[in-house]
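# Close look at the chain arrangement
One-letter residues, chain by chain:
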Amino acid sequence: METVIGNPLIKALIILFLLSATTAAGDAPFIISHKKASLTRLKSGAERVSVSIDIYNQGFSTAYDVSLVDDSWPKDLFDIISGNTSNSWERLDAGGILSHSFEIDAKRQGMFHGAPAVITYRVPTKVSLQEAYSTPILPLDILAERPTENKLDWLQRLLAKYGSQLSVVSIVLLFIYLVATPSKASAAKASKKKS
Amino acid sequence: MAIKILRVFFIGLLLLQFPLFQVVRCQSEIEADVEGSELGIVREDVQDFVGGNFKPAPGVETICLFPKNSAKVVPAGEKTELLVGMENVGQSPLNIIAIEASVHLPFDHRMLVQNLTAQVFDNASVPPSTQATFPYIFAVSKFLQPGTFDLVGTVVYEINQSPYQSTFYNGTIEVVEAGGFVSVESVFLVTLGISLVVLLGLWIHGQFKRISQKTKAAPKVEVGTGTTDASMDEWLQGTAYNQSSSKSKKKK
């Protein structure tokens with residue numbers, strides 16, 4: 001008897017809950033994309049740019065046919081070393097994350113301002129392709145003149161960073177050594193007493 | 001010898017620190033660090049917008065995300081990044097002017113702890129029916145006590161030359177102490193703990209030895225009287241004791 005009453009009531013409640021959840025929260029995906037670019041100077045003198053793009057879905061429904069296209073690196077200024085500047089995935093669920101990275105070599109010296117990468121995806125409720133932009137990157141100083149670091153400066157920097165920890169550890173070790181080893185004066189006294 | 005080593009060591013420490021002496025600078029340096037200028041030429045009229053109170057536009061949705069930091073942990077004095085997602089549902093493009101944030105006390109929102117540096121944008125726009133993400137890098141004061149604080153983040157933008165403002169985050173952040181595992185306090189604490197344990201061990205060892213000495217001493221005394229045999233004592237020859245024992249022998 002109870003199950004007969006309970007089941008349809010529970011079903012109705014569940015349906016009501018789902019309806020309210022979808023209408024109250026908004027049922028579209030919200031794509032947030034984080035684009036990071038870092039420079040590394042190779043031994044050969046070339047400047048390598050490592051680009052990584054993370055795509056998060058902070059919305060409440062799945063995004064389908066997610067495609068990432070990063071055309072902000074012109075071919076005459078950069079050479080692709082590894083990876084591809086575009087990628088595509090079948091779906092990105094709500095709360096999920098996708099990552100893509102590639103490496104390119106910079107050819108020309110100067111300041112480079114990169115445009116955001118474009119992410120397109122599909123939602124079941126809309127016909128047109130949805131667009132999202134990633135974060136812009138800070139201007140990159142390609143093949144910049146780096147002042148040669150003095151050995152003294154490097155040592156000073158290291159000291160400043162670890163100096164306090166090193167000194168406290170050495171104080172503690174010295175104290176332990178003092179306590180543990182008997183002094184030569186008392187050792188001489190002990191030997192005198194024996195003789 | 002050891003005192004000599006100590007003296008040399010401390011003088012050496014003092015001398016080593018001379019190049020590292022720095023005058024303590026006011027913490028307002030963190031706030032003066034203008035990162036916005038790195039993203040492009042700053043607009044002249046930005047000052048009119050930053051700090052003002054505007055209403056949010058109806059066709060704009062904002063969302064905030066702490067990348068790879070779901071616990072919203074903010075180390076004091078170090079850079080933390082958060083991403084602001086903007087969705088332009090309206091018909092006209094919107095231009096982002098600036099992103100600003102402030103830290104408040106969690107129990108009293110009116111108590112301002114710190115105003116974080118506003119990041120201004122020059123050429124940031126969101127076309128209609130698109131979503132865009134903008135980064136906001138901030139650093140709370142190095143001397144902020146670890147704990148829970150309220151972070152209020154707002155984004156100022158304009159649509160068709162009219163300014164608007166939306167709050168993209170109004171929630172708590174966890175401020176923690178930035179620092180490695182080996183610090184002055186931790187080393188001293190660990191050494192103190194180890195020394196206390198060693199002292200305790202020594203005391204227990206002493207107690208144990210005392211107890212075991214007591215139980216051993218009693219049988220020793222008994223053994224002493226047991227092994228001496230009166231008849232073996234040569235120095236008793238010719239004395240009264242010896243004569244009495246020979247008498248008792250004769251009687252038998």
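Criteria and cut-off values
- Residues numbered from 1 in each chain as written.
- Chains lettered and ligands numbered in written order.
- Predicted model: local features only at pLDDT ≥ 70, side-chain atom pairs only at ≥ 80, totals over all residues.
- Heavy atoms only, no water.
- UniProt positions renumbered as here; feature names shortened; annotations may be inferred.
- Salt bridge = Lys/Arg side-chain N within 4 Å of Asp/Glu carboxyl O.
- Helix = DSSP H or I, 4+ residues; strand = E, 2+ residues; numbered from the N terminus.
- Buried < 20%, exposed > 50% of the residue type's maximum accessible area, 1.4 Å probe, protein only.
- Core = buried A, V, L, I, M, F, W, Y, C linked by side-chain atoms within 4.5 Å.
- Contact = heavy atoms within 4.5 Å.
- Pairing = 2+ DSSP bridges.
- Axes fitted to C-alpha atoms, helices over the stretch in contact; angles between N-to-C directions.
- Buried area = accessible area lost by both parts, 1.4 Å probe.
- Polar contact = N/O pair within 3.5 Å; in protein donor to acceptor, adjacent residues only side chain to side chain.
- Nonpolar A, V, L, I, M, F, W, Y, C, P; charged D, E, K, R; others polar.
- Phe/Tyr/Trp six-rings, centres within 6.5 Å; stacked < 30°, edge-to-face > 60°.
- Lys NZ or Arg CZ within 6 Å of the ring centre and 35° of its normal.
- pLDDT = per-residue confidence, 0-100.

Under the annotation held in an unreviewed UniProt entry, chain B carries the name Translocon-associated protein subunit alpha and is attributed to Gossypium hirsutum. Database annotation for chain B, UniProt heading Subcellular location (unreviewed entry): "Endoplasmic reticulum membrane". On record in UniProt, under Subunit (unreviewed entry), the comment for chain B is "Heterotetramer of TRAP-alpha, TRAP-beta, TRAP-delta and TRAP-gamma."

In the annotation of an unreviewed UniProt entry, the entry for chain A reads Translocon-associated protein subunit beta, and the organism field reads Gossypium darwinii.

Throughout the structure, instances matching the rule amount to 10 salt bridges over all chains. Taking the shortest distance from any N to any O, the salt bridge between Lys-68 of chain B and Asp-54 of chain A comes out at 3.0 Å. Taken together, the residues span two chains, with Lys-68 of chain B in the loop between strand E1 (60–65) and strand E2 (73–75) and Asp-54 of chain A in strand E2 (residues 47–57). Under the relative-accessibility criterion, Lys-68 of chain B is labelled exposed at 63%. In this structure Asp-54 of chain A comes out as buried when scored by relative accessible area, which is 4%. Of the charged contacts in the structure, one is a salt bridge between Arg-122 of chain A and Asp-65 of chain A, with a shortest N-O distance of 3.7 Å. Separated by 57 residues along the polypeptide, Arg-122 of chain A in strand E8 (residues 118–122) and Asp-65 of chain A in strand E3 (residues 63–69) bring together distant segments of the chain. Among the residues examined, Arg-122 of chain A registers a relative accessible area of 37% and is labelled partly exposed. What makes Asp-65 of chain A partly exposed here is its relative accessible area of 43%. The structure contains a network of salt bridges with shared partners spanning Lys-36 and Asp-54 of chain A together with Lys-68 of chain B.

The next thing to look at is the nonpolar core. Core analysis: the biggest nonpolar cluster contains 34 residues, and Met-86, Ile-96 and Leu-151 of chain B have the highest contact counts within it. Of all elements in the fold, only E1, strand E3 (80–88), strand E4 (94–104), strand E5 (112–126), strand E6 (130–138), strand E7 (147–159) and strand E8 (162–176) of chain B reach the threshold of two or more residues within this core. Apart from the residues within four sequence positions on either side, Ile-96 of chain B is in contact with Met-86, Phe-121, Ala-124, Val-126, Phe-134, Val-155, Val-156 and Tyr-157 of chain B. In this structure, Ile-31, Val-51, Leu-68 and Ile-142 of chain A belong to the second largest nonpolar core, which totals 25 residues.

What follows is about the sheet that holds E3 of chain B. Taken together, the 7 strands give an open sheet; going across it, the order is E5(A)-E3(A)-E8(A)-E9(A)-E6(B)-E3(B)-E1(B), and neighbouring strands pair in mixed fashion. Bordering the open sheet on either side are strand E5 (86–92) of chain A together with E1 of chain B, each of which pairs with just one other strand. Pairs of neighbouring strands in the sheet enclose a mean axial angle of 20 degrees, with direction left out of account. In this structure, strand E9 (residues 130–133) of chain A lies alongside E6 of chain B, joined through 3 bridges in parallel fashion. Within the sheet, the bridge partner assigned to Glu-131 of chain A lies in E6 of chain B and is Thr-130 of chain B.

On the side of chain B, 36 residues touch chain A, which itself brings 36 residues to the contact. Of the roughly 3,100 Å² buried between chain A and chain B on both sides combined, carbon and sulfur atoms contribute 74%. It is Phe-30, Ile-32 and Tyr-133 of chain A that lose the most area in chain A upon contact with chain B, and together they represent 18% of the buried surface on that side. Between the two partners, chain A and chain B, sit 1 salt bridge. The tally of links between chain A and chain B comes to 9 residue pairs in polar contact (both at pLDDT 80 or more). Secondary structure elements with two or more residues in the side of chain A that touches chain B: strand E1 (31–41), E2, E9 and helix H2 (151–180) of chain A. No other element matches the 15 residues that H2 of chain A contributes to the side of chain A that touches chain B. By residue class, the composition of the side of chain A that touches chain B is 23 nonpolar, 10 polar and 3 charged.

So, about the packing of aromatic side chains. Residues and elements named next belong to chain A. This structure, assessed with the given rule, holds 8 aromatic pairs over all chains. Taken together, Trp-73, Phe-78 and Phe-112 form an aromatic cluster joined through their ring pairs. The ring of Trp-154 is capped by Lys-151, whose NZ or CZ atom sits 5.6 Å from the centre of that ring.

Here we come to the confidence of the model for chain A. All names here are of chain A. For chain A, mean pLDDT is 82; residues scoring 70 or higher make up 83% of the total. Element-level pLDDT for chain A is lowest in helix H1 (residues 2–25), with a mean of 59, against a maximum mean of 93 in E8. In the predicted structure, residues 20–25 sits below a pLDDT of 50 and forms 2 contacts with residues beyond four places in sequence or in another chain.

On to the pairing of E3 of chain A. Residues and elements named next belong to chain A. In this structure, E3 lies alongside E5, joined through 6 bridges in antiparallel fashion. Bridge pairing links Leu-68 to Asn-87 in E5. Bridging between E3 and E8 involves 4 bridges; their strand directions are antiparallel. For Leu-68, the partnering residue across the bridge sits in E8 and is Ile-119.

Residue and element names in this part refer to chain B. Relative to the elements of secondary structure, Ala-98 occurs in strand E4. Relative accessible area serves as the criterion here: at 0%, Ala-98 is assigned to the buried category. Each C-alpha atom, one on Ala-98 and one on Thr-154, is 8.5 Å from the other, the two residues being 56 residues apart in sequence.

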